Amino acid sequence: SQKIEQNSEALNIQEGKTATLTCNYTNYSPAYLQWYRQDPGRGPVFLLLIRENEKEKRKERLKVTFDTTLKQSLFHITASQPADSATYLCALETDRGSTLGRLYFGRGTQLTVWP
Amino acid sequence: GAVVSQHPSRVICKSGTSVKIECRSLDFQATTMFWYRQFPKQSLMLMATSNEGSKATYEQGVEKDKFLINHASLTLSTLTVTSAHPEDSSFYICSAPVAGTDTQYFGPGTRLTVL
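Below is a summary of the structure that appears in this document. Here the residue index of a chain counts from 1 through its sequence in written order. Labels are handed out in written order, letters beginning with A for the chains and numbers beginning with 1 for the ligands. Local features in this predicted model are restricted to residues whose pLDDT is 70 or higher, and side-chain atom pairs enter the listing and the counts only when it is 80 or higher, whereas totals over whole chains, interfaces and linings include all residues. By convention in this description, side-chain values take in all heavy atoms of the structure and omit both hydrogens and water.

### Considering the nonpolar core
Phase 1 of the analysis: Grouping buried Ala, Val, Leu, Ile, Met, Phe, Trp, Tyr and Cys residues that are joined through side-chain atoms within 4.5 Å yields what is termed a nonpolar core. When a residue's accessible area, from a 1.4 Å probe over protein chains only, is under 20% of the maximum for its type it is buried; when over 50% it is exposed; and in between it is partly exposed. In this structure, Trp 35, Phe 67, Leu 79, Tyr 92 and Leu 112 of chain B are the most contacted members of the largest nonpolar core, which totals 25 residues.
Phase 2 of the analysis: Secondary structure is summarised from DSSP: a helix means a run of H or I of at least four residues, a strand means a run of E of at least two, and numbering begins at the N terminus for each. Taken together, the elements giving at least two residues each to this core come down to strand S2 (10-13), strand S3 (19-25), strand S4 (32-38), strand S5 (45-51), strand S7 (67-73), strand S8 (76-81), strand S9 (90-97) and strand S11 (110-114) of chain B.
Phase 3 of the analysis: Two residues form a contact once any of their heavy atoms are found within 4.5 Å. Not counting the four nearest positions on each side in its chain, Leu 112 of chain B is found in contact with Val 11, Cys 13, Val 19, Val 81, Asp 88, Ser 89, Ser 90 and Tyr 92 of chain B.
Phase 4 of the analysis: Counting residues in each nonpolar core, the second largest holds 24 residues, with Ile 13, Leu 47, Leu 48 and Tyr 88 of chain A among its members.

Take a look at the structure:
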C-alpha cells in the first residue's frame, strides 16, 4: 500500500539549534515533493518544493533534500526560533498536467522550539 | 500574494441537514481547486478535484452524491455535505494552484461539527 511517513509525531529542540524532519514514502513515484507549515486551526502554508531531479533546495533558513533512491526527503530549519513552532507537512505530487497535480500528505511533525 | 478564502470558518449543524462551504480565490483565477478533509492529528486527505465548468473528480472511497462539488466560476468552488452525520465532522480545506507557479494556496479551512 502507499504510505507517507514523517519520522516522528513531535520534535522538541532548543532555540538556535537545527531542526531536521524526515519524510519517507513507499509505493509512490513523486515528480515533486513539497513541504508545508500548518498552525493549529489553519490551512497549510507552502514553504518549499523540490523536483525529482533535484537533490537540494534552499530558502533562507530552510533546506530540503530529496533522495529518490532512498525514497526520502529531509527538511532542515537552521537557527530555529520559537516562532518556527508549528506542524510541518510533507506532500507528494505524482502527476501534473497543464496545472498542478493532486497532493498526498503525511501526518506531519509537530515542532516545538523552546527558548 | 495569492489568497484563498473559505466561508464559513466554522459551522455547527444538526444530523441530517446539508451544509455548503465556499472556497474563493480572491486575486487570481483558478480553473482547478482541490478539496481536502483533515481529522484531528491526521493528514490532509484529498477528497476531490473541482474543475471549472465540468464535473468534479472524486478520490476513491469518497461518495460523490454525499459531497457535492460545484465549480461555477473561475474564482468559486463550493462543497455541499448532504445529509450530514456526526462522522462527517472534520476540518475541510480547499486549495487552488496559481498558473505559472509551482505551488497551491490553501484556504484557512472550515470546521464542521455535526450534532
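Having seen the structure, we can now continue with the description.
### Overview of the sheet that holds strand S8 (residues 72-77) of chain A
Residues and elements named next belong to chain A.
Phase 1 of the analysis: By the convention used here, strands pair only if DSSP detects at least 2 bridges between them. Here we have five strands laid out as an open sheet, ordered S1-S3-S8-S7-S6, and antiparallel in their pairing. Only two strands of the sheet have a single neighbouring strand rather than two, namely strand S1 (3-6) and strand S6 (56-59). When the angles between neighbouring strand axes are averaged without regard to direction, this sheet yields 15°.
Phase 2 of the analysis: Looking at chain direction, strand S3 (residues 19-26) and S8 are connected through six bridges and run antiparallel. Each bridged residue has a counterpart across the sheet, and for Cys 23 the counterpart in S8 is Ser 73. Fitted lines through C-alpha atoms give the axes, limited to the stretch in contact for helices. The angle between two N-to-C directions lies from 0 to 180 degrees.

### A short note on the packing of aromatic side chains
All names here are of chain A.
Phase 1 of the analysis: When the centres of two rings from Phe, Tyr and Trp lie within 6.5 Å, Trp using its six-membered ring, the rings pair. Their planes under 30 degrees apart give stacked, over 60 give edge-to-face, and anything left gives tilted. This model, assessed by the stated rule, comprises 10 aromatic pairs over all chains.
Phase 2 of the analysis: Ring geometry for Trp 35 versus Phe 75: centroids 4.8 Å apart, planes at 15°, classification stacked. Placement of the pair is Trp 35 in strand S4 (residues 32-38) and Phe 75 in strand S8, with a sequence separation of 40 residues. The pair Trp 35 / Phe 75 is uniform in exposure class, with both members buried.

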